[in-house]
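Examination of the molecular architecture
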Amino acid sequence: MHAVSQAANQPGGLDWSRTRFHAYSGDPRKLKGYLQPGDVIINSTGTGTLGRVGQFLSSPDGSPCMADGHVTIARADLRDLHPRFAYYWLASQPFQEYVYAALVVGATNQIELNRERLGEAPVPLPPLDEQRRIADFLDVETSHIDRIVAAREAQKSILKERELSLISETLSGGESLQGSRSTGMPWLPAIPADWKIGPVYAYFSTELGKMLNAERATGDRQRPYLRNANIHWYEIDVSDMATMSFDASETRRYSVAPGDLLVCEGGAGVAEAAVWNGEISGCYYQKSLHRVRRVGPVPVEWLMYWLRLAKHVGVFQADGNIATIPHLTGEQLREYRIPIPPDGDLRVAALNREVSDLLSLVGRLDQAQALLAARRQVLITAAVTGQLDVTTARPAHDRDL
């Protein structure tokens, strides 16, 4: 029996990649959370995810399915509400705005859906025949958009594969490996014979940041600091900075300078890394991050790319146990052995240019996806609120998006 957790990132289907299978010998229809075809699943927790919806039609293999406690099941009363119309209404802009205006409870980072009040949410009820026409129209329109979205996601996957291929080629020498030497890494097995292999500590200095506590969060010398949430592959987001008290004596130890590499120490983003370019002045970093500085023949980006490839092949997984939060301790980071070329600066500069070009293409695809998502939302909202007469609208295959 499948157990569905959160609904998909965008309205239209469910994210089956996050399901789990559980053996159960009884009648699953008696279980709380048993899903029936046509049920709408609403994400019930999380900033940025609360309110997202998907519609359950069947599990991938047709077996019984239930929802866990992170989602709410909305089941239409078939006497006056068509299930597909209900799904589109719950995905519409008015309902999504209503969720955050009237149905959210909890603190900023712990928000939840008020399930008791969900039943009071308004639902438009045109005649059932009209609901069916609207749903039929939106099925065609959204399917057309979803196919384009899927095609662009496939393009992004190809670009990601190219990125990883370029990194692997650079880290392994990118030439014929005649006269090569073994690295001891199955995922990066050989490098040119004139390259070195050594521990990270021989080529970089690494330090963990300052531990946060209640006293430091309210001290007199509040300064912005970086944490896990700010660091992503190749980029540092400074739009949401927290502050902590840092004494003048701690400036050298816990501050960041242009050229520093920040590496996530744990969590889902473990090992993700980006170079600090001095986006804001007087910035520090928390204990959830490693600060890496160059002391040897290769720039910090060389280690960043090594970490990128190593994470892709699963080096930092927590012993394969999905219930365990992965960690990259300071000792582990320092002891990893990495290949070291004699011309690291030149190789990194070339790779930086190629990866930057790929990321630019990915950014353009993301912009196009955002426009499609907005168009999808506008169509759904206009149709379910009666702003669009679906009986006269041209089908998607008759016009360009």
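Remember, predicted model here, so these are calculated numbers, not experimental data.

About the thresholds
- Residues numbered from 1 in each chain as written.
- Predicted model: local features only at pLDDT ≥ 70, side-chain atom pairs only at ≥ 80, totals over all residues.
- Heavy atoms only, no water.
- Axes fitted to C-alpha atoms, helices over the stretch in contact; angles between N-to-C directions.
- Helix = DSSP H or I, 4+ residues; strand = E, 2+ residues; numbered from the N terminus.
- Parallel < 35°, antiparallel > 145°, perpendicular 65-115°, else oblique.
- Nonpolar A, V, L, I, M, F, W, Y, C, P; charged D, E, K, R; others polar.
- Core = buried A, V, L, I, M, F, W, Y, C linked by side-chain atoms within 4.5 Å.
- Buried < 20%, exposed > 50% of the residue type's maximum accessible area, 1.4 Å probe, protein only.
- Contact = heavy atoms within 4.5 Å.
- pLDDT = per-residue confidence, 0-100.

Attention now moves to the packing of helix α4 (residues 128-171) against helix α9 (residues 344-384). The packing of two helices is summarised by the inter-axis angle and the distance between the axes. Between α4 and α9, the shortest axis-to-axis distance is 10 Å and the interhelical angle comes to 170°. Regarding the angle of α4 to α9, the classification is roughly antiparallel. Partitioned by chemical class, the residues of the contact of α4 with α9 number 20 nonpolar, four polar and 12 charged.

We now examine the nonpolar core. Inside soluble globular proteins, nonpolar side chains tend to come together where they are buried. Membership of the largest hydrophobic core comes to 42 residues, with the highest contact counts inside it found for Phe-204, Leu-261, Leu-303, Trp-306 and Leu-307. Put simply, the parts of the chain that give this core at least two residues each are α4, β17 (261-264), β18 (273-275), α7 (300-312), β21 (337-340) and α9. In terms of residues, this core owes the most to one element, α7, which gives nine residues. Residue contacts for Leu-303: discarding those within four places in its chain leaves Val-200, Phe-204, Leu-261, Val-292 and Ile-338. Membership of the second largest hydrophobic core comes to 28 residues, among which are Ala-76, Tyr-87, Ala-383 and Val-384.

Further remarks concern the confidence of the model for the chain. Fine structural detail should not be taken from predicted coordinates in areas where pLDDT scores are low. Confidence in the prediction of the chain, expressed as mean pLDDT, is 88, and 90% of residues score 70 or more. Scored below 50 in pLDDT, residues 397-401 makes eight contacts in the model with residues more than four places away or belonging to other chains.

As for its placement among the helices and strands, Val-256 is situated in the loop between α6 (251-254) and β17. In this structure the C-alpha to C-alpha distance between Val-256 and Gly-282, which are 26 residues apart in sequence, comes to 7.9 Å. Not counting the four nearest positions on each side in its chain, Val-256 is found in contact with Leu-226, Leu-262, Trp-276, Cys-283, Tyr-284, Tyr-285, Arg-291 and Arg-293.

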